[in-house]
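Okay, here's what each chain looks like letter by letter:
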Amino acid sequence: FFVKLCFFFDPHTVNTKGLEVQKKEFDKLKEQHQAHAEELLRVQTRANVTEKQVEALRREGEVKKVAFSASLLASGNQGETGPFNTRTPLVFRHVVSNIGNAYNPNTGFFTAPVKGAYHFEFYIFGHGHASYPAAAGLTRNGEHIFIAYEHQPSHGANSANGVTLLLEVGDVIFLRQWQNSRIYDNIYCHTTFSGHLLFTM
Ligand SMILES: *[C@@H]1O[C@H](CO)[C@@H](O)[C@H](O)[C@H]1NC(C)=O
């Protein structure tokens, strides 16, 4: 009986068996933990990708809103601009809308923030004069596109033009006053420049 008891309670045997069980359970837990860690990484990676896509869509949506209108002279001013003996950039200072801030009222430059089709229109008012027409040309990156031109000896007239252009990101649109021409504006805003994005491409 004593021997049997001794064998049954052999501390060495009990410890070894216990450790084996514990190790198996530990290995199982380790495996489970590893699987969880891998799954977490996959979920995090997917979440990061989704986050980036949402951000890209948000930016794309924002950049689709581009529109501005400005008249030539700062609020309260009136008078003639020109004549100058060379073509001179016109800076439309009185901004009435500038959604997307693509138009710069300090330089007169509109810079395309996104590739797309844009529409522009411009109205150029002049008082009649024997020598001076009223005229301005729209340019893309300095290259002439369309002109608004009128020349009459008296009274006044407003000529206009408009154009739709496919612009690349960073293309610059501005108006150049024609050489030896005079352009008039006052608080009623006869001489204006407007543009807007029709759709992205
Ligand atoms: C997810 O993005 C966060 C923050 O940018 C970064 O710290 C983390 O490492 C990224 N995780 C994965 C799995 O790409």
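Reading the values: rules and limits
- Residues numbered from 1 in each chain as written.
- Predicted model: local features only at pLDDT ≥ 70, side-chain atom pairs only at ≥ 80, totals over all residues.
- Heavy atoms only, no water.
- UniProt positions renumbered as here; feature names shortened; annotations may be inferred.
- Helix = DSSP H or I, 4+ residues; strand = E, 2+ residues; numbered from the N terminus.
- Core = buried A, V, L, I, M, F, W, Y, C linked by side-chain atoms within 4.5 Å.
- Buried < 20%, exposed > 50% of the residue type's maximum accessible area, 1.4 Å probe, protein only.
- Contact = heavy atoms within 4.5 Å.
- Near = heavy atom within 4 Å.
- Areas by Shrake-Rupley, 256 points an atom, 1.4 Å probe, with all protein chains shown as cover.
- Patch = residues over 30% accessible without salt bridge, like charges linked within 9 Å, V, L, I, M, F, W, Y side chains within 5 Å.
- Salt bridge = Lys/Arg side-chain N within 4 Å of Asp/Glu carboxyl O.
- Phe/Tyr/Trp six-rings, centres within 6.5 Å; stacked < 30°, edge-to-face > 60°.
- Pairing = 2+ DSSP bridges.
- Axes fitted to C-alpha atoms, helices over the stretch in contact; angles between N-to-C directions.

Caption draft 1: View of the UniProt feature "domain: C1q" (unreviewed entry) in the protein chain. Annotation from UniProt places "domain: C1q" (unreviewed entry) at residues 61–201. The span residues 61–201 shows a helical share of 2% and a strand share of 55%, and its end C-alpha atoms are spaced 13 Å apart.

Caption draft 2: The arrangement of the nonpolar core in detail. Ranked by internal contacts, the top residues of the largest apolar core, which has 29 residues, are F110, Y118, F120, L138 and F193. For this core, the secondary-structure elements that each account for two or more residues are β1 (67–71), β7 (116–127), β8 (134–140), β9 (143–150), β10 (156–167), β11 (172–177) and β13 (192–200). Here the element with the most residues in this core is β7; it accounts for four residues. Residues within four places of F110 in sequence aside, it is in contact with V66, F68, A102, Y103, Y118, F120, L167, D171, V172 and I173.

Caption draft 3: Spotlight on the site of the ligand. In the vicinity of the ligand, the residues found are L41, Q44, T45 and N48. In the complex, the protein chains occlude 34% of the 360 Å² of accessible area that the ligand would expose alone.

Caption draft 4: Spatial organisation of unusual backbone geometry. With an omega dihedral of 5°, the bond running from G82 to P83 counts as a cis peptide bond. Of note, P83 is situated in the loop between β2 (79–81) and β3 (88–89). Unusually for a residue other than glycine, N101 sits at a positive phi of about 55°. Following the sequence through the fold, N101 ends up in the loop between β4 (94–99) and β5 (103–104). Backbone geometry places N180, a non-glycine residue, at a positive phi of 55°. With relative accessibility at 39%, the residue N180 sits in the partly exposed group.

Caption draft 5: Fine view of a nonpolar patch on the surface. Residues L166, L198, F199 and M201 make up a contiguous nonpolar surface patch of about 410 Å² in total accessible area. Tracing the chain through its elements places L166 in strand β10. Given the relative accessible area of 42%, L166 is considered partly exposed.

Caption draft 6: Here's a closer look at the environment of N85. In this fold, N85 is placed in the loop between β2 and β3. Put simply, N85 and G116 are 31 residues apart on the chain and 35 Å apart in space, counted from C-alpha to C-alpha. Sequence-distant contacts of N85, defined by excluding residues within four places in its chain, comprise Q179 and N180.

Caption draft 7: Spotlight on the packing of aromatic side chains. Enumeration according to the criterion identifies 11 aromatic pairs in this entry. Chaining the aromatic ring pairs together yields one cluster made of F68, F92, Y103, F110, Y118, F120 and F193.

Caption draft 8: Representation of the sheet that holds β10 within the structure. Ordered by their spatial adjacency, five strands build an open sheet running β4-β1-β13-β7-β10, and the pairing between neighbours is antiparallel. Sheet topology places β4 and β10 at the edges, where each strand pairs with a single neighbour. The average undirected angle you get between the axes of adjacent strands in this sheet is 10°. Where β7 lies against β13, eight bridges are found, and the strand directions are antiparallel. When the sheet's bridge partners are listed, E121 is paired in β13 with S194.

Caption draft 9: Expanded view of the pairing of β9. Pairing geometry for β8 and β9, over seven bridges, is antiparallel. Pairing of R140 across the sheet is with E143, part of β9. Between β8 and β9, which pair antiparallel in sequence order, lie two residues; one of them, N141, sits at a positive phi of approximately 50°.

Caption draft 10: Quick look at the UniProt feature "coiled-coil region" (unreviewed entry) in the protein chain. The UniProt record marks residues 19–60 with the feature "coiled-coil region" (unreviewed entry), using the residue numbering of this structure. Spanning residues 19–60, this segment combines 100% helix with 0% strand, and its end C-alpha atoms are found 60 Å apart.

Caption draft 11: The environment of V163, seen in detail. For V163, the location among the structural elements is in strand β10. In the structure, V163 is positioned 44 residues away from H119 in sequence and 5.7 Å away in space, judged by C-alpha atoms. Residues contacting V163, with those up to four places away along its chain left out, are Y118, H119, F120, L138, I145 and F146.

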